[in-house]
Amino acid sequence: MINPIKKLSMLALLASLLFAGSAQAACNADPIVFVHGYSGWKSQFDVMINRFKNDGTPACALYKFGYNSLGKSNKTSAKELKAFVNNIRPNHGWRKAKIIAHSNGGLVSRWYRVFEGGSAATNRLVTLGTPHKGTAWAYGCWSPACSEMRYNSSFLQSLNGRGCDVSLWSALDEIIIPQTNAKCGNSLRTSSVGHLTLMVWKGVYDDVRRFL
């Protein structure tokens, strides 16, 4: 039989270990979630994330959200984004999240904010080259998410301009046609770079930081 005093000591030690693990998991900073675009992948934001780290943002605050843009509707992906954000916020004392989204990822994020309760869980959405008003490029593919990026799609009509916050657009964006369709909410013409370069260009990063 275990001595009662020894048993209490063991329980105290276990409790202290659990508390230490919980404290270690906590992150005293607003979570920042990066959302890639159509047919994109999470590591596309690695350059920008490294810039955040170099400028003092703790690594524990930086998250990459991945979704199946080629096979799922943006509505489904928005539900997955909701679950993702709800899962990480407890590690930050339930602070509101900031979202940085590229291209179609901005539409996923807007649907999340408008229809999945995301407006209460986030305090900033910065979109980079998002087809807020559609793009001619989307007529060259046939997946659910792609059709939702077409001019006047039922998806865009349902959003009806809602869920926007800060939108950065480039005059040299070869995917968003016309380029000004990437404007929504508080809009800024950022560095004149190509669509994918928006995620890695220092000038774009500087504009993102300005609005966070």
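For the structure given in this document, a descriptive report is provided here. Just so we're clear, the structure is a prediction, and the values are computed from it rather than from any experiment. (Residues numbered from 1 in each chain as written. Predicted model: local features only at pLDDT ≥ 70, side-chain atom pairs only at ≥ 80, totals over all residues. Heavy atoms only, no water.)

**Some thoughts on the overall build of the chain**
Link 1 in the chain: Along the backbone of the chain there are 8 helices and 6 strands.
Link 2 in the chain: Burial status across the chain gives 48% buried among its 212 residues.
Link 3 in the chain: If you take every contact in the chain between residues at least 6 apart in sequence, the share linking residues at least 24 apart comes to 67%.
Link 4 in the chain: Carbon together with sulfur atoms contributes 57% to the accessible area of the chain, which is approximately 10200 Å² in total. (Helix = DSSP H or I, 4+ residues; strand = E, 2+ residues; numbered from the N terminus. Buried < 20%, exposed > 50% of the residue type's maximum accessible area, 1.4 Å probe, protein only. Contact = heavy atoms within 4.5 Å. Areas by Shrake-Rupley, 256 points an atom, 1.4 Å probe, with all protein chains shown as cover.)

**What about the packing of aromatic side chains?**
Link 1 in the chain: Applying the stated rule across the entire model yields 10 aromatic pairs.
Link 2 in the chain: Considering the side-chain rings of Phe 34 and Phe 52, the 5.8 Å spacing of their centres and the 70° angle between planes classify their relative orientation as edge-to-face. On the criterion of sequence distance, the pair formed by Phe 34 in strand β1 (residues 32-35) and Phe 52 in helix α2 (residues 46-54) is long-range, its members being 18 residues apart. Residue Phe 34 shares its accessibility class with Phe 52, and that shared class is buried.
Link 3 in the chain: Of the aromatic side chains, those joined through ring pairs into one cluster are Phe 34, Phe 45, Phe 52 and Tyr 205. (Phe/Tyr/Trp six-rings, centres within 6.5 Å; stacked < 30°, edge-to-face > 60°.)

**Here's the deal with the pattern of salt bridges**
Link 1 in the chain: Overall, the coordinates contain 8 salt bridges when judged by the stated rule.
Link 2 in the chain: With a shortest N-O distance of 3.3 Å, Arg 95 and Asp 30 are connected by a salt bridge. Of this pair, Arg 95 sits in the loop between α3 (74-88) and β3 (97-102) while Asp 30 sits in the loop between α1 (4-25) and β1, and the two are 65 residues apart along the sequence.
Link 3 in the chain: In this structure, Lys 79 and Glu 116 form a salt bridge, with 3.0 Å as the shortest nitrogen-oxygen distance. Here Lys 79, found in helix α3, pairs with Glu 116, found in the loop between α4 (104-115) and α5 (118-121); they are 37 residues apart in sequence, far enough to count as distant. (Salt bridge = Lys/Arg side-chain N within 4 Å of Asp/Glu carboxyl O.)

**Focus on the nonpolar core**
Link 1 in the chain: In terms of nonpolar packing, the biggest core is built from 27 residues, with Val 33, Val 35, Leu 81, Ile 99 and Tyr 112 touching the most fellow members.
Link 2 in the chain: Listed by contribution, the elements that provide at least two residues to this core are β1, β2 (62-65), α3, β3, α4, α6 (144-147) and α7 (154-159).
Link 3 in the chain: With residues up to four places along the chain from it excluded, the contact list for Ile 99 reads Val 33, Val 35, Leu 81, Ser 109, Tyr 112, Thr 122, Arg 124, Leu 125 and Val 126.
Link 4 in the chain: Counting residues in each nonpolar core, the second largest holds 19 residues, with Ile 32, Ile 49, Phe 52 and Val 193 among its members. (Core = buried A, V, L, I, M, F, W, Y, C linked by side-chain atoms within 4.5 Å.)

**Considerations on the side chain of Arg 89**
Link 1 in the chain: Position of Arg 89 among the secondary structure elements: in the loop between α3 and β3.
Link 2 in the chain: No salt bridge is formed by the buried Arg 89, whose closest oppositely charged neighbour, Asp 30, lies at an N-O distance of 8.9 Å.
Link 3 in the chain: Setting aside residues up to four positions removed in sequence, Arg 89 forms contacts with Trp 94, Arg 95, Lys 96 and Ala 121. (Lys, Arg positive; Asp, Glu negative; His and termini not counted.)

**What to know about α2**
Link 1 in the chain: Of all the positions in α2, only Met 48, Ile 49 and Phe 52 are classed as buried. One face of α2 carries all of its buried residues, which in axial projection span an arc of 100°.
Link 2 in the chain: Residues of α2 that are buried make contact with β1, β2, β3, β4 (122-128) and α8 (202-211).
Link 3 in the chain: Trailing α2 by a residue or two, Gly 56 shows a phi angle of about 105°, which is positive. (Arc of directions from axis to C-beta.)

**Some words on the state of the cysteines**
Link 1 in the chain: Inspection of every chain in the model, using the stated rule, returns 3 disulfides.
Link 2 in the chain: The disulfide partner of Cys 141 is Cys 146, and the S-S distance across this bridge is 1.6 Å. Its S-S torsion of about 55° marks the bond between Cys 141 and Cys 146 as right-handed, since a negative value means left-handed. For the pair shown, Cys 141 and Cys 146 are each scored as buried.
Link 3 in the chain: Each sulfur in the disulfide pair Cys 164 and Cys 184 lies 1.7 Å from the other. Disulfide Cys 164-Cys 184: torsion about the S-S bond near 70°, hence right-handed. Taken together, the residues span a long stretch of sequence, with Cys 164 in the loop between α7 and β5 (166-169) and Cys 184 in the loop between β5 and β6 (186-189) at a distance of 20 residues. Considered together, Cys 164 and Cys 184 belong to a single accessibility category, that of buried residues.
Link 4 in the chain: The disulfide pattern of the chain is 1-2, 3-4, 5-6 when the bonded cysteines are numbered in sequence order. (Disulfide = S-S within 2.5 Å.)

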